[in-house]
Number of protein chains: 2
Amino acid sequence: MTTDTWVEGGSDGGFGVENLPYGIFSRPGELPRAGAAIGGHVLDLAAMSAAGLVEDRRYFASGSLNAFMVAGRAAWEANRTRLVELLTDEAYRDRVEPHLIPVTDVELLRPFEVADYVDFYSSEHHARNTGRIFRPRDEPLPSNWKRLPVAYHGRSGTVYPSGTPIIRPCGQRRTPGEPEPTFGPSLRLDFEAEVGFVAGVPSVAGRGVPTGAFRDHVFGVVLLNDWSARDLQAWESRPLGPFLGKSFATSISSWVVPLAALEPARVSPPVQDPAPLPYLRCDEPWGLDLHLEVLINGRVASRPPFASMYWTPPQQLAHATVNGAPLRTGDLFGSGTVSGPDPDQRGCMLELSWDGREPLKLDDGTERSFLEDGDTVTIRAQAPGASGSRISLGEVTGTVHPPH
Amino acid sequence: MTTDTWVEGGSDGGFGVENLPYGIFSRPGELPRAGAAIGGHVLDLAAMSAAGLVEDRRYFASGSLNAFMVAGRAAWEANRTRLVELLTDEAYRDRVEPHLIPVTDVELLRPFEVADYVDFYSSEHHARNTGRIFRPRDEPLPSNWKRLPVAYHGRSGTVYPSGTPIIRPCGQRRTPGEPEPTFGPSLRLDFEAEVGFVAGVPSVAGRGVPTGAFRDHVFGVVLLNDWSARDLQAWESRPLGPFLGKSFATSISSWVVPLAALEPARVSPPVQDPAPLPYLRCDEPWGLDLHLEVLINGRVASRPPFASMYWTPPQQLAHATVNGAPLRTGDLFGSGTVSGPDPDQRGCMLELSWDGREPLKLDDGTERSFLEDGDTVTIRAQAPGASGSRISLGEVTGTVHPPH
């Protein structure tokens, strides 16, 4: 049950007209510009705009989506409505078809310029598991964890598009029991399966973004891999949190799925007990029924369910701005590692191999405690879409390379 | 003993030709552009460039210094040499003088666009004091502290130019002994007196910047106030470090002092024991004899000596990039709070009032535990310059306002 489009194969792979994610693409010798995915094609929005088929305000003839992202919800909705009209009404076929390019003929680039990057820690299962692993004598959840969505700022300069090689980072570690730290390539390289939320419309300094204004500011959603070097992270993090253990690379998917496409995926989040403080309360359900899948070298390693996340994206945004910090176009916030209640739903190697003590068996017969050079990690996801469809969030992928 | 300039009052206030810091200024109805400070004047570099007096590569007719910062050390040195020639040789006076504007006639803006902002924690006195205050039962210095320069990423979107009003942030806190957190304006608002280092030339992903390449990448130095809400910070920081307690505002001075101007201020840093790992070793002395002064409402609150910092700026940069994270033009890294060994050399209220237990007495007869609405905090600094001069790092100032 999906909406019909005249595009051949236009409902394939979760990229039907219920989805219509935005990205930036290029072809050899041509400038990068904006496109929308439909089936196995990219609709060239810069060319559509030049042809007068979509509104031309120079949103799309640019190497990033930022100009369109800042335009705001009315512009996002108008463009979405127009694209659905153009792709479903046979009358437009002759004028639109020349602007469809097979996705295999283009290179997909980083879709937007990242302003600040914030990463949350909002899966209760992930937080409990890491607490048990790192602080076995303490209560697994820190006392603040159910009161506020814990987060830290990451490095926006190392947010890379899907496919960027991941060079194994070097740094200091101290193996427990050893008196001296040593330097070298990380021995405990990890992925973190996350969902990222991309801000379009800025907010005003000194005034927070209430949970009810979430849709007025957030443009869309990407998949995100917050690569982590657990040995570097463990040694450096006291008392100011992660630094080099995270700052070498964060990968994001090529397609930004509009928030509007995920309306049918909204579900009630887990019950929050204790009730959060008023600024974190949310009148509408903002759990999201996104089904993530992590693959290592093409073998399924985990299936994390985003619907199990404790803190919701509107709560995260309200928290991040309640101190008066304004939002900028291109601000990216990650959900934190998505881990479900079951062992095969855990969103990182640290949990999947229980800190290396119980190596993960892949169905190619190999085992992993942490990532090895040459490993390719791919995170993909799908969600319920309008008209009974399934929509794809595409994928974010990266291959581990040894240091130079 | 200073170098003579034909500019009247051209050696005033530590802004002689030994200094020549860069900034961005505007006058009503005119576009922002780059200038250099000389005495009580701003030399309009965009106009100088248009008149063919300094090399024109469109460095200066821009609203930020980034284009000049990326040009690299040879360009920085050539421009500096040329400015000294123009300002000391009377023969140029008639052609240059029309481009001098009294600094009182201009507005000074944020001098550069910030890419990523990283804040270190490199004063041993500050780290020991905060350790004693926050973790009185533990060893004051965490075990990693003398092995690596601890740091975290801050929010680049809230790095504001000197003079920007500081709105007291709201957020969650939990008073020790109370079971429930509460929400409201921070009750423990603080400053942190720091020095910031600004990257000009990017580095390559996957390769660190060795300590010996510091001068090839770092353009200059600003004064920095890392405003902090201690109550928010204490409650939120476990386990991922500070977030809302820092992200509401960081102020920087208007003038970026070129690294070359600080050559005469270089001194041997404190002896490092244990010896750092090889990637943190530095063949040249990079302590800096900067004399900071913190004023609250015009009264001296502290005089932190930068020469007492344990980790040096080249070590900080080498550490921040050793995991392969590349440097971008506009990357800013703060030294961390500068605190000397003496009580009147402490760089923040937390230390000066010992967590509010010993209020600081100002010589206007008032006392402070933390900052009050209406308080103006100013950090200024000077250093030895060439030819026996003193050079000024200008000032960074901000006034605390109540929340909206």
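All residue numbers here refer to positions counted from 1 along the written sequence of the relevant chain. Here chains are named by letter from A upward and ligands by number from 1 upward, in the order in which they appear as written. Totals for whole chains, interfaces and linings use every residue, but because this is a predicted model, local features are given only for residues with pLDDT of at least 70 and side-chain atom pairs only at 80 or more, for both listing and counting. With hydrogens and water excluded, all non-hydrogen atoms of the structure serve as input to the side-chain values.

Chain A is annotated in an unreviewed UniProt entry as fumarylacetoacetase from Actinomadura spongiicola. UniProt positions are given in the numbering used here, feature names are shortened, and annotations may be inferred rather than shown by experiment. Its UniProt record gives chain A the following Pathway (unreviewed entry) comment, quoted word for word: "Amino-acid degradation; L-phenylalanine degradation; acetoacetate and fumarate from L-phenylalanine: step 6/6."

With 59 residues of chain B in contact, the opposing surface of chain A contributes 59 residues. Buried surface at the junction of chain B and chain A, both sides included, amounts to about 5,300 Å², of which 58% is carbon and sulfur. Any carboxyl oxygen of Asp or Glu that lies within 4 Å of a side-chain nitrogen of Lys or Arg is treated as forming a salt bridge with it. The tally of links between chain B and chain A comes to four salt bridges. One salt bridge connects Arg147(A) with Glu180(B), and the closest N-O pair in it is separated by 2.9 Å. Polar contacts, as used here, are pairs of N or O atoms within 3.5 Å; protein pairs need one atom able to donate a hydrogen and one able to accept it. Residues neighboring in sequence count only if both atoms are side-chain atoms. Applying the counting criterion to the chain B and chain A interface returns 28 residue pairs in polar contact (both at pLDDT 80 or more). In what follows, residue pairs with any heavy atoms lying within 4.5 Å of each other are defined as contacts. When two components associate, each loses some accessible surface as probed by a 1.4 Å sphere; the sum of these losses over both components is called the buried area.

Okay, the UniProt feature "active site" (unreviewed entry) in chain A next. All names here are of chain A. Using the residue numbers shown here, the UniProt feature "active site" (unreviewed entry) corresponds to His126. Elements are defined by DSSP. Helices are runs of H or I of four residues or more, strands are runs of E of two residues or more, and each kind is numbered from the N terminus. For His126, the position within the fold is in helix α5 (residues 124-134). Ignoring sequence-local partners within four residues, the contact set of His126 consists of Tyr121, Glu192, Thr337, Ser339, Cys348 and Glu351.

Our focus in this paragraph is the packing of aromatic side chains. Given two aromatic rings, one states the distance between the centres and the angle between the planes to describe the pair. Ring pairs shown here join Phe, Tyr and Trp side chains whose ring centres sit within 6.5 Å, with only the six-membered ring taken for Trp; geometry is labelled stacked below 30 degrees between planes, edge-to-face above 60, and tilted in between. Enumeration according to the criterion identifies 32 aromatic pairs over all chains in this entry. Between Phe183(A) and Tyr279(B), the ring centres sit 4.8 Å apart and the planes meet at 35 degrees, which makes this aromatic pair tilted. Here Phe183(A), found in strand β11 (residues 182-185), pairs with Tyr279(B), found in the loop between β18 (266-267) and β19 (287-288), and the two come from separate chains. Ring pairing ties together the aromatic residues Phe120(A), Phe197(A), Phe214(A), Trp286(A), Phe306(A), Phe333(A) and Phe243(B), which thus form one cluster. For a lysine, the NZ atom is tested; for an arginine, the CZ atom; a charge sits over a ring if that atom is within 6 Å of the ring centre and within 35 degrees of the ring normal. Above the plane of the ring of Trp286(B) lies Arg266(B), whose end atom (NZ or CZ) is 3.8 Å from the centre.

Our focus in this paragraph is the environment of Gly131(B). Residues and elements named next belong to chain B. Of note, Gly131 is situated in helix α5 (residues 124-134). Only protein chains enter the accessibility calculation, which uses a 1.4 Å probe; a residue whose area is less than 20% of its type maximum is buried, one above 50% is exposed, and one in between is partly exposed. The exposure class assigned to Gly131 is buried, which follows from its relative accessible area of 0%. As for Gly131 and Leu141, which are separated by ten residues in sequence, their C-alpha atoms are 6.2 Å apart. Those residues in contact with Gly131 that lie beyond four places of it in its chain are Pro136 and Pro140.

Excluding glycine, residues mostly have negative phi values, and the peptide bonds linking residues are mostly trans. Residues and elements named next belong to chain A. Residue Pro239 is bonded to the preceding Arg238 through a cis peptide linkage, with omega at 0 degrees. Structurally, Pro239 can be placed in the loop between α7 (230-236) and α8 (244-247). Each neighbour pair has its own omega, and for Asp273 with Pro274 the value is 10 degrees, a cis peptide bond. By secondary structure assignment, the location of Pro274 is in the loop between β18 (266-267) and β19 (287-288).

On to the UniProt feature "binding site: Ca(2+)" (unreviewed entry) in chain A. Residues and elements named next belong to chain A. Using the residue numbers shown here, the UniProt feature "binding site: Ca(2+)" (unreviewed entry) corresponds to Asp119, Glu192, Glu194 and Asp226. Across 108 residues in sequence, these annotated residues keep their C-alpha atoms within 11.0 Å of one another, forming a single compact spot. Position of Glu192 relative to the elements: it lies in the loop between β12 (189-190) and β13 (193-199). Those residues in contact with Glu192, other than ones at most four positions away along the chain, are Asp119, His126, Leu224, Asn225, Asp226, Ser228, Arg230, Lys246, Thr337, Gly347, Cys348 and Ile379. Among the structural elements, Asp226 can be located in the loop between β14 (218-225) and β15 (228-229). Assessed through its relative accessible area of 1%, Asp226 is described here as buried. If we skip the residues at most four places from it in the chain, Asp226 touches Tyr117, Asp119, Tyr152, Phe191, Glu192, Glu194, Lys246, Ala249 and Thr250.

A word on the pairing of strand β26 (residues 390-401) of chain A. Residue and element names in this part refer to chain A. Any two strands between which DSSP finds at least two bridges are classified as paired. Both strand β9 (residues 166-167) and β26 contribute to a ladder of two bridges, which runs parallel. Across the sheet, the residue bridging to Ile166 is Val400, located in β26. Counting the residues between successive antiparallel strands, the hairpin from strand β25 (residues 376-384) to β26 contains five residues, one of them, Ser387, with a positive phi of roughly 60 degrees.

Residue and element names in this part refer to chain B. If you trace the backbone, Glu358 turns up in the loop between α10 (349-352) and β23 (360-361). Residues Glu358 and Ser369 lie eleven residues apart in sequence; the distance between their C-alpha atoms is 7.3 Å. Residues within four places of Glu358 in sequence aside, it is in contact with Leu352 and Ser353.

What follows deals with empty space enclosed by the protein. Lining residues are those with an atom within 4 Å of a point, where the points come from a 1 Å grid over the protein atoms alone and group into cavities, where a 1.4 Å probe fits but cannot get out, or pockets, open sets with protein on both sides within 12 Å along at least five of seven lines. Grid points are joined across faces, edges and corners, and a volume is the space filled by probe spheres set on the points. Counted by the stated rule, this structure contains eight cavities of 30 Å³ or more. In this structure, the largest cavity occupies an estimated 70 Å³ of space. If you go around the largest cavity, the residues you meet are Arg155(A), Asp116(B), Tyr117(B), Val118(B), Leu317(B), Ala320(B), Leu327(B), Asp331(B), Leu332(B) and Phe333(B).

Turning to the sheet that holds strand β5 (residues 107-109) of chain A, a few remarks are in order. Residues and elements named next belong to chain A. One open sheet holds the five strands; their spatial order is β4-β3-β2-β1-β5, and the pairing between them is antiparallel. The strands lining the two open edges of the sheet, one partner per strand, are β4 (100-102) and β5. Direction aside, the axes of adjacent strands within the sheet are offset by 50 degrees on average. As paired strands, strand β3 (residues 41-44) and β4 are joined by three bridges and run antiparallel to one another. The residue of β4 that forms the bridge with Val42 is Ile101. To define axes, lines are fitted to C-alpha atoms, for helices over the stretch in contact only, and angles between the resulting N-to-C directions are given on a 0 to 180 degree scale. Where helix α3 (residues 73-88) meets the sheet, its contacts fall on β1 (22-26), β2 (33-38) and β3, and the angle it forms with β1 comes to roughly 70 degrees.

Turning our eyes to something else, we now look at the sheet that holds strand β5 (residues 107-109) of chain B. Two orientations exist for strands paired in a sheet by backbone hydrogen bonds: parallel and antiparallel. All names here are of chain B. Taken together, the five strands give an open sheet; going across it, the order is β4-β3-β2-β1-β5, and neighbouring strands pair in antiparallel fashion. Looking at which strands have only one partner, the edges of the open sheet turn out to be β4 (100-102) and β5. In this sheet, neighbouring strand axes are inclined to one another by 50 degrees on average, regardless of whether the strands run parallel or antiparallel. The pairing of strand β1 (residues 22-26) with strand β2 (residues 33-38) spans four bridges and is antiparallel. What sits directly across from Ile24, in β2, is Ala34.

Here the copies are superposed with least squares, the fitted atoms being C-alpha atoms of residues at a pLDDT of at least 70 in both. Of the transformation superimposing chain B on chain A, the axial component is 0.0 Å and the angular component is 180 degrees, with the fit at an RMSD of 0.0 Å. Considering both components of the superposition, the chain copies are consistent with a two-fold axis. It is Gly241(B) whose C-alpha, among those of chain B, lies nearest the rotation axis, at 2.1 Å. Most of the interface of chain B is mirrored in chain A: 100% of its interface residues are interface residues there too.

Residues and elements named next belong to chain A. Overall, the coordinates contain 64 salt bridges over all chains when judged by the stated rule. Glu30 is the partner of Arg33 in a salt bridge, and the nearest nitrogen-oxygen pair spans 2.8 Å. You can call Arg33 buried: its relative accessible area is 11%. Close ionic contact of Lys246 with Asp226 constitutes a salt bridge, the shortest N to O distance being 3.0 Å. Here Asp226 lies in the loop between β14 and β15 and Lys246 lies in helix α8, a separation of 20 residues in the sequence. Here the two residues Lys246 and Asp226 agree in accessibility, since each one is buried. Residues joined in a network through salt bridges with shared partners are Asp190, Glu192, Asp226, Arg230 and Lys246.

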